[in-house]
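Fold and contact review
These are the residues of each chain, in order.
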Amino acid sequence: MTEFNQPDFFPANPGQMAEQVGSDHLNSIFETAPVCIVSYRAIRNSAHEIVDFKPLRVNREAIAACGHTREAIMASTLLELFPLFRGSALLQDYLAVVLSGENRRSDHYIPGLGGWFNVSVSCIAPDELAVVFIDVNTRKEAELMRQQQAELLTQISQSMQMAVSSHVPIRDESGRIVDFEYIYFNEKAKDWLPVDWRTVLGQTVRTMQFTANVDQTIARLAHVVETGETDHFDAIIADGRIFYNIIARSGEGTVSTFIDVTKQRRAEQKILELKAISDQQAALLQSILDSSLTAIACYDAVLDERGSAVDFRFVLANQTTFDILNTTANELYGKTIVELNPALMGSAVLDTYISVYETGQSTIMERQAQERFFYVSIVKFGDGVLSSAIDITENQQYREQLEAANMALKQSNDNLQSFAYVASHDLQEPLRKIRSFGDLILNEYSPLLPETAQDMLRRMQAAAERMSNLIQDLLSLSRLTIQQATFDVVDLNQLLSEVLTDLETIVADTGAKVERSLLPSVPGNPLQLRQLFQNLLSNALKFRQPDRSPHVRIDLHQVNAQEVPTSSLPYTVTRENAPASLSTRIQAVHPAKTFYAITISDNGIGFDAERYGETIFGAFQRLHGRKGNFVGTGIGLAIAKKVVENHYGCIVADSREGEGASFTVYLPA
């Protein structure tokens, strides 16, 4: 085995080593060294090329690290023990040191030894090497963590929607900060700079003068460096843009995070301007309300422990309300209507307020208060209700007079009906006799009468004819005055085809599919029924899912009267309240025994039928149109319900949110 003759563990002259330190002492140092030490001799082929390395000596630390016994190591070559070394950078270092004689030292990742090592390769004799392995895993892990953290911070900085820049202070001879140099910009900052960022790096805040007040900006940055306190402010640059800056200390300098808030600041300014206008309008509105003859008041609902409304508290009222109640705002606000008038507890008036609050259905009623009569409208408003009341005390007197006049008019109409009956029966009979006897005299006795008498008879006949015509015209006028609008026999198939023709543009644009059953002919008003189907089909096409084409089905089946939701019927159809044409031109049976049930269903966005119930048929009820993108007034279903009621039927809805909706129209068959 060749002795080491390089510095440290391998002195240049073994003889000199023996003189300085005993061989046993050197061996002890070699074996107990806390690093891995191995010596090799180059193995050459017949062409004198180095093809492998033979271990000459190995210490205990190296044996423990490589996981082989000393005998196995010494009996093998480097590449036999570690085939992965073939072509590695470490093997290249071995070859280079042998060939050049120059020592090398570098970091290598060696899986067989458990990670990263700082490897020193020294030439100790021709074709012989001494290699020292120092474990540097801890240092490498720290370096890798620092590198990963730096890369992560760089990625975060570059991907941020906010701009980031860094600056280092520039100090004068006394150490006072007089300026800051730009040293870094992320991608967003580069995009927002008014000039090429490459021309800014190395420049200073004072030389670039991005902001109008450079001295103030430098003072802010210096304050952050000297105190460590974060600062934030708006900066307006030369092109008019506004940036919100957050400056924090970073090492010896600062890091500035900023974002373009030009639109926000202008919007805020617009909001301030609009608020000023709104305040003016609010004052104007209050003036209008106070000058109104209508008493207007807003109430918040007072709820019990179950969440049910039991009373209503005044939160706003106009001057007319104060005058009627003989009070002031300070005295009224905060009180409830029951506190103001205990007699309202359990009354129909309070029940009406509660019903409006719970159902959302507005109502109108007349009530008497403080010996005066009021026409009151109540609507749901926020977390309570809003009422508007008009004093109709004087109108009440006129109403009583009008009712008396109506009674007289009714009597007059009854008399007119009697007259019509008399005119059509009693008066017509004498006229027929006058005309009959006149014709008889003229036909049988005209030769015996002088010409003058015959002329008088002819005049009498003509007068009787005119009187008969006058009576018929008067009877027709009377019937026209009291008769309801006539119904026709309406072919719903033809009517539906016309409606779909009108809707063919939206059907084509949405790719809608409409399936229809054969529909019957029904008694009704064609214009009203057309509006009914127009509204229902338009809704089915309008309230569609954004990711699918509308699919609308129109189905028909007959049901017994007992299967119709009777609570939805406006009244029971009888012979007395049936339209005149329905009882005369169509032989309908009253009360109705069967109904046509026509169902229009879709695959649209639907709604919560259990929650909204009948409220969807109220005027101006819009379930989607403020949280979503759906135009409309909210009156279509109210019109549909009125049309169906005019035809002595009803309409019901069934739906779930996201699962489409269906509307079933029941018409007497």
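We now turn to the structure provided with this report.

So, how was this worked out
- Residues numbered from 1 in each chain as written.
- Predicted model: local features only at pLDDT ≥ 70, side-chain atom pairs only at ≥ 80, totals over all residues.
- Heavy atoms only, no water.
- Helix = DSSP H or I, 4+ residues; strand = E, 2+ residues; numbered from the N terminus.
- Areas by Shrake-Rupley, 256 points an atom, 1.4 Å probe, with all protein chains shown as cover.
- Buried < 20%, exposed > 50% of the residue type's maximum accessible area, 1.4 Å probe, protein only.
- Polar contact = N/O pair within 3.5 Å; in protein donor to acceptor, adjacent residues only side chain to side chain.
- Contact = heavy atoms within 4.5 Å.
- Pairing = 2+ DSSP bridges.
- Axes fitted to C-alpha atoms, helices over the stretch in contact; angles between N-to-C directions.
- Patch = residues over 30% accessible without salt bridge, like charges linked within 9 Å, V, L, I, M, F, W, Y side chains within 5 Å.
- Salt bridge = Lys/Arg side-chain N within 4 Å of Asp/Glu carboxyl O.
- Phe/Tyr/Trp six-rings, centres within 6.5 Å; stacked < 30°, edge-to-face > 60°.
- Lys NZ or Arg CZ within 6 Å of the ring centre and 35° of its normal.
- Expected span 1.5 Å × (residues − 1).
- Arc of directions from axis to C-beta.
- Parallel < 35°, antiparallel > 145°, perpendicular 65-115°, else oblique.
- Left-handed = near helix turned anticlockwise from the far one by under 90°.
- Nonpolar A, V, L, I, M, F, W, Y, C, P; charged D, E, K, R; others polar.
- Core = buried A, V, L, I, M, F, W, Y, C linked by side-chain atoms within 4.5 Å.

With respect to the overall build of the protein chain
- In terms of helices and strands, the protein chain carries 24 helices and 22 strands.
- Of the roughly 39500 Å² of accessible surface on the protein chain, a fraction of 53% belongs to carbon and sulfur atoms.

Re the side chain of Ser-76
- Tracing the sequence through the fold places Ser-76 in the loop between α4 (70–74) and α5 (78–81).
- Looking at Ser-76, the relative accessible area reads 17%, which means it is buried.
- Only 3.0 Å separates the side chain of Ser-76 from the backbone oxygen of Ala-72, close enough to count as a polar contact.
- Look past the residues within four positions of Ser-76 in its chain and what remains in contact with it is Lys-54, Pro-55 and Leu-81.

Focus on the sheet that holds strand β9 (residues 242–250)
- Spatially, β7-β6-β10-β9-β8 is the arrangement adopted by the five strands of the open sheet, whose pairing is antiparallel. The sheet terminates laterally at β7 (177–185) and β8 (231–236), the two strands that pair on one side only. For this sheet the average axis-to-axis angle between neighbouring strands, irrespective of direction, equals 30°.
- Here strand β6 (residues 163–171) pairs with strand β10 (residues 253–260) via five bridges, running antiparallel. Looking at β10, one finds that Ser-165 is bridged to Ser-256.
- Sitting on the sheet, helix α10 (residues 214–227) touches β6, β7, β8, β9 and β10, and the angle it makes with β7 is about 85°.

Section: a nonpolar patch on the surface
- Together, Leu-284, Leu-285 and Ile-288 make up an exposed nonpolar region whose accessible area comes to about 300 Å².
- Topologically, Ile-288 is positioned in helix α11 (residues 262–291).
- Looking at Ile-288, the relative accessible area reads 48%, which means it is partly exposed.

Focus on unusual backbone geometry
- The backbone of His-48 shows a phi angle near 65°, a positive value even though the residue is not glycine.
- In this structure His-48 comes out as exposed when scored by relative accessible area, which is 54%.

Structural notes on the pattern of salt bridges
- Enumeration according to the criterion identifies 20 salt bridges in this entry.
- Arg-44 is paired through a salt bridge with Asp-127; the nearest N and O atoms lie 2.8 Å apart. With Arg-44 in strand β1 (residues 36–44) and Asp-127 in the loop between β4 (115–125) and β5 (128–135), this residue pair connects regions lying 83 residues apart in the sequence.
- With its nearest N and O atoms 2.8 Å apart, the salt bridge here joins Asp-231 to Arg-220. In this pair, Asp-231 sits in strand β8 while Arg-220 sits in helix α10, placing the two residues 11 residues apart along the sequence.

A closer look at the packing of aromatic side chains
- Overall, the coordinates contain 15 aromatic pairs when judged by the stated rule.
- Summarising the aromatic geometry, the rings of Phe-53 and Tyr-94 are spaced 5.6 Å apart at their centres and angled 80° between planes, so their arrangement reads as edge-to-face. Taken together, the positions of Phe-53 in strand β2 (residues 50–58) and Tyr-94 in helix α6 (residues 89–100) put the pair 41 residues apart, joining distant regions of the chain.
- With a relative accessible area of 1%, Tyr-94 lands in the buried category.
- Above the face of the Trp-197 ring, Lys-190 is positioned so that its terminal group lies 3.9 Å from the ring centre.
- Positioned over the ring face of Tyr-357 is Lys-380, at 5.0 Å from the centre of the ring.

With respect to α10
- With 14 residues, α10 extends 20 Å from end C-alpha to end C-alpha; this agrees with the ideal 20 Å at 1.5 Å per step.
- Among all positions of α10, only Val-214, Thr-217, Ile-218, Leu-221, Ala-222, Val-224 and Val-225 are buried. Projected down its long axis, α10 carries its buried residues within an arc of 155°, all on one side.
- In this fold, the buried residues of α10 make contact with β6, β7, α9 (205–208), β8, β9 and β10.
- Looking one or two residues past α10, Gly-228 carries a phi angle of roughly 80°, positive in sign.

Points about the sheet that holds strand β13 (residues 363–369)
- Taken together, five strands build an open sheet; the order of strands is β12-β11-β15-β14-β13 and the sheet is antiparallel. Both outer strands of the open sheet, β12 (309–317) and β13, are each paired with one neighbouring strand and no more. Each strand of the sheet is rotated relative to its neighbour by a mean of 35°, with strand direction disregarded.
- Here eight bridges tie strand β14 (residues 372–381) to strand β15 (residues 384–391), and the two strands are oriented antiparallel to one another.

Structural notes on the packing of helix α19 (residues 492–502) against helix α21 (residues 526–542)
- Close contact between α19 and α21 brings their axes to 10 Å; oriented N to C, the two are set at 50°. Put simply, α19 runs oblique to α21. With respect to the hand of their crossing, α19 and α21 are arranged in right-handed fashion. Across the interface between the two elements, Leu-492, Leu-495, Leu-496, Glu-498, Val-499, Leu-500 and Asp-502 of α19 pack against Pro-526, Leu-529, Arg-530, Phe-533, Gln-534 and Leu-537 of α21.
- Its residues assigned to classes, the contact of α19 with α21 comprises nine nonpolar, one polar and three charged.

Structural notes on the nonpolar core
- Leu-532, Phe-533, Leu-536, Leu-537 and Phe-663 are the most contacted members of the largest nonpolar core, which has 36 residues in total.
- Contributions of two or more residues to this core are made by α19, α21, β19 (551–560), β20 (594–601), α24 (636–646) and β22 (661–668).
- Of the residues forming this core, the biggest block, seven residues, is contributed by α21.
- Here Leu-536 is in contact with Ile-600, Leu-637, Ala-640, Ile-651, Phe-663 and Val-665, once residues within four sequence places are set aside.
- Formed by 30 residues, the second largest nonpolar core is a distinct cluster that contains Ala-42, Val-58, Val-98 and Phe-133.

Some remarks on the packing of α21 against α24
- Viewed as axis vectors pointing N to C, α21 and α24 meet at an angle of 145°, and their least axial separation amounts to 9 Å. The element α21 and its partner α24 pack so that their crossing is left-handed. Residues Gln-528, Leu-529, Gln-531, Leu-532, Asn-535, Leu-536 and Asn-539 of α21 touch α24, and the partners they reach there are Gly-636, Leu-637, Ile-639, Ala-640, Val-643, Val-644 and Asn-646.
- Per-class residue counts for the contact of α21 with α24 are eight nonpolar, six polar and no charged.

A few points about the pairing of strand β18 (residues 521–524)
- Covered by surrounding structure in β18 are Val-522 and Gly-524 only, the residues Ser-521 and Pro-523 on the alternate face being uncovered.
- Of the strand pairs in this sheet, strand β16 (residues 488–491) and β18 are connected by four bridges, and their pairing is antiparallel. Paired with Val-489 across the two strands is Pro-523, which belongs to β18.

Treat this as a map of the structure, not an account of what it does.
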